[in-house]
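Working through the structure, step by step
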Amino acid sequence: MSDTEPTDDIDLSVEGLDPVTFQIIKHRLVRVTDEAVEALKRVSGAPNTNEGHDLMVALYTKDGSLLTGGVGFLHHYLGASEATKHIIDRFEGDIEEGDMFILNDPYTAALHPPDVYIICPIFYEGELQAFSASFVHVADIGAVDPGGFSPNATTIFHEGFQTPGMKLIEGGEMRDDVLETILNMSRDPGMVELDLRSEIAANNVAKDRLQGLMDEYSPETVEYVGEQLIEQSEKKLRKRLRELPDGRWEERQYLDSASEDRSFTVQLALEKEGDSLRFDFAGTDEQSEVGFNCTEIGTVGGVIAPLLPLLCHDMTWNDGIFRAIDVDAPKGTIVNAERPAPISIATIGTLQMCNSLSTLAVSKLLGASEAYADRATGVWHGAHCHIALEIDHGDGTQVEALTDTFAGAGGARAFDDGVDLGGEVVNIVARWGNAERHEAVLPLLYLYRRFVADSGGAGEHRGGLGHEFAVTPAAEEDFEKLDVVTMGRGIDLPHSTGVFGGYPGANVDYATYRDADLSGDGPFPPTEESLPEPEHVRWGVDTLGDDDAFHVRLPGSGGYGDPLDREPESVAEDVAEGKVAPETAREVYCVPVDDEGTITGSAQQAREDRYRERLEAADLPAEADAAAAAPEDTESTPYRLGANVAVEVDGEDVPYAACEGCGIPVGRADDHWKGEVAVAEESLSAAGTATGGSAEYCLRKFLCPECGTLLDTEVAKREDPALVSRLSL
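The text that follows walks through the structure, step by step, so that each part is easy to find. Note that the structure is predicted; figures quoted are calculated from it, not measured.

1. Quick word on the overall build of the protein chain
Counting its secondary structure elements, the protein chain contains 14 helices and 27 strands. At 26 Å, the protein chain has a C-alpha radius of gyration in line with the 27 Å of a compact globule built from 729 residues. Its C-alpha atoms give the protein chain principal-axis dimensions of roughly 75 × 75 × 45 Å. Burial analysis of the protein chain (729 residues in total) assigns 64% to the buried set. Put simply, 70% of the contacts in the protein chain that link residues at least 6 apart link residues at least 24 apart. Carbon and sulfur atoms provide 44% of the accessible area of the protein chain, an area that totals close to 25800 Å².

Below, the structure is given as structure tokens:
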């Protein structure tokens, strides 16, 4: 079926309720969570909450199904739903008006221990009608390392206070014994109490607004609208899936674990059939000895989160969407770890990799259709660079985080470059605090914040740039010790991978400069030449001395399409603005420019030479295979397998992948067509000046064997097989 043909209509009418009232209640439900989020931010004093929007508030039905969610990190919708269902089961018969419950055990529902859910039953005239649930990443819960992310943990028992559910507020009154027990575990109890009270405030606002809505329209009417919204979202998603072609898209990333001196393979296959999706993690490595691990609920939330803005952008995000999706995460792997494996780094480790892999797979599904191709994107902000700080003031301890990682970088899209410092796709309202905000409450001085050239992956459309920054202890501040907690990944190889031939963004980098000359006699901001040799500290707790500088480089985002398809004038402009290095313009984009970005020669000739060089360096398919893959007469279809890969059918409706550059079929579109094209493997450093990796990994390029057009790329171990991408028409 062509996706340009009309599909079956779906009935979105609501019996027994006029459409105006339905829409009013629908939008009022959204306003409930919006106002609750604002309340949470206003009460919280944590920068990662009120600046970075590391939060969530959502409404759930009386059985714990997602009704509607507020903005924030979207993978928490599933965790909070599971937490609510667990509270319903565990406290059956003991859930009363005015109660609130707390849960942060990752093997029950939470995504990692510092992400604390507070769950509030909502009653109307004595009857339970719904729940609200909120989450923030609390400042510190007493783990072996400060801040909740614990690089030194080797078991869940090292990762601080955890509860599978208990009553924090009973009958409207705080249970001080429970609160004091939690605070007694923390290095920074004042901030933790503020975190918890911000969640309580959010739930109170949600409860008050929802009760007001029920008072105006009746609880039965509000419940009915919620049921219909869930049904409508399911119908809308299933209709959209029927408009897209069936197929299988494989993705893979490697997690570099410094403390274990190894990497982990995370493998994902997205299978779309009819009106359902299946995400399969078969082939993923066993669980880690450190806290990179994800629980099953974290993995499920991780793959669904980017699907919401990419595929379901015009739907109400609720439980109806989840009904069309199945996730298979094998037990004992890094995507479904078994207790007591440590979990604390999951949300910036394996779970974030699930976000990225899902982004790529869903983008290839969307990109397979001309109608939805503009929704496809490279990876946004492939590796968080979370920095936790512990400051000993003598009479107390302060635990905070820098918000620089929330700046992110938008992935390149089918129609435009990615947005520089454009956040991340799974938190559409993420932002970062300004330098002055951090300097006002921390004994730190920012030495610089600046864009990193070449941090956005090359492509027909360039990935958004990331940034780098450096801080140093403020000499005039009164403190006894300042520790920095790091848990880096994306250092040995890039994680912001591109799509449909786009190159990856930059590697992450951490460096500490000891006894740097920051007195003011040297240049400011300091330059690489003015600083001593760096120590590359990437894992654990590191103390900063008075004259030390701590530097972090963030990853940027992935590119889209063949870099040789980018307009030469756009490349020259990027060089002039410092977004692309001159050598990258010349070597990757094949645009001859000087250091100021002036074009000095023929880009057309340089690119013609590069197409020929690509094929000279590639392994070409056997002649017999190439001939078998080339029918004489084919017709176009509305489907695609990449920016430069059309899908055509022969006289017997057999589909073929065809090169857009020269028009020849290169392999069966319903089979492993990438096994029939030319393949070249280059060093990862060929992607740009900010990208690299060991000789074990490569930038694998799939090329048209006739004209050298780039059809796809992979960041791959050299011995790993090519990933499958196929349609089932």
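2. Considering the sheet that holds strand S24 (residues 678–682)
Spatially, three strands are ordered S24-S25-S26 in an open sheet, and the strand pairing comes out antiparallel. Each having just a single partner strand, S24 and strand S26 (710–717) make up the two edges of the open sheet. For this sheet the average axis-to-axis angle between neighbouring strands, irrespective of direction, equals 25°. Relative to S26, strand S25 (residues 697–703) runs antiparallel, the two sharing seven bridges. Paired with Lys701 across the two strands is Thr713, which belongs to S26.

3. Details of the packing of helix H4 (residues 176–184) against helix H5 (residues 189–217)
Interaxial distance between H4 and H5 falls to 9 Å at its minimum, and their mutual angle equals 135°. Of the possible angle classes, the one that applies to H4 and H5 is oblique. The interaxial crossing formed by H4 with H5 has right-handed handedness. Between H4 and H5, the residues in contact are Leu179, Ile182 and Leu183 and Pro189, Val192, Glu193, Leu196 and Arg197, respectively. Of the residues assigned to the contact of H4 with H5, the class counts are six nonpolar, no polar and two charged.

4. A look at the packing of H5 against helix H6 (residues 219–243)
Viewed as axis vectors pointing N to C, H5 and H6 meet at an angle of 110°, and their least axial separation amounts to 6 Å. By the angle class used here, H5 and H6 are roughly perpendicular. Between H5 and H6, the contacting residues are Leu210, Leu213, Met214 and Tyr217 on the first element and Pro219, Thr221 and Val222 on the second. For the contact of H5 with H6, the per-class residue count stands at six nonpolar, one polar and no charged.

5. Some remarks on the nonpolar core
Ranked by size, the top nonpolar core spans 98 residues in total, and within it Tyr77, Phe279 and Leu311 carry the most contacts. No other element matches helix H7 (residues 296–311), which puts nine residues into this core. Residues in contact with Leu311, not counting those within four places in the same chain, are Leu237, Arg240, Leu241, Leu244, Leu277, Val362 and Leu366. Formed by 48 residues, the second largest nonpolar core is a distinct cluster that contains Phe22, Leu59, Met214 and Val225.

6. Looking at the side chain of Asp417
With respect to the helices and strands, the residue Asp417 is situated in the loop between strand S13 (397–402) and helix H10 (435–441). Using a relative accessible area of 15% as the deciding quantity, one classes Asp417 as buried. There is a polar contact of 2.8 Å between the side chain of Asp417 and the side chain of Arg566. The residues contacting Asp417, other than those within four sequence positions of it, are Ala412, His461, Arg462 and Arg566.

What counts and how
Residues numbered from 1 in each chain as written. Predicted model: local features only at pLDDT ≥ 70, side-chain atom pairs only at ≥ 80, totals over all residues. Heavy atoms only, no water. Helix = DSSP H or I, 4+ residues; strand = E, 2+ residues; numbered from the N terminus. Rg over C-alpha atoms; globule rule 2.2 N^0.38 Å. Buried < 20%, exposed > 50% of the residue type's maximum accessible area, 1.4 Å probe, protein only. Contact = heavy atoms within 4.5 Å. Areas by Shrake-Rupley, 256 points an atom, 1.4 Å probe, with all protein chains shown as cover. Pairing = 2+ DSSP bridges. Axes fitted to C-alpha atoms, helices over the stretch in contact; angles between N-to-C directions. Parallel < 35°, antiparallel > 145°, perpendicular 65-115°, else oblique. Left-handed = near helix turned anticlockwise from the far one by under 90°. Nonpolar A, V, L, I, M, F, W, Y, C, P; charged D, E, K, R; others polar. Core = buried A, V, L, I, M, F, W, Y, C linked by side-chain atoms within 4.5 Å. Polar contact = N/O pair within 3.5 Å; in protein donor to acceptor, adjacent residues only side chain to side chain.

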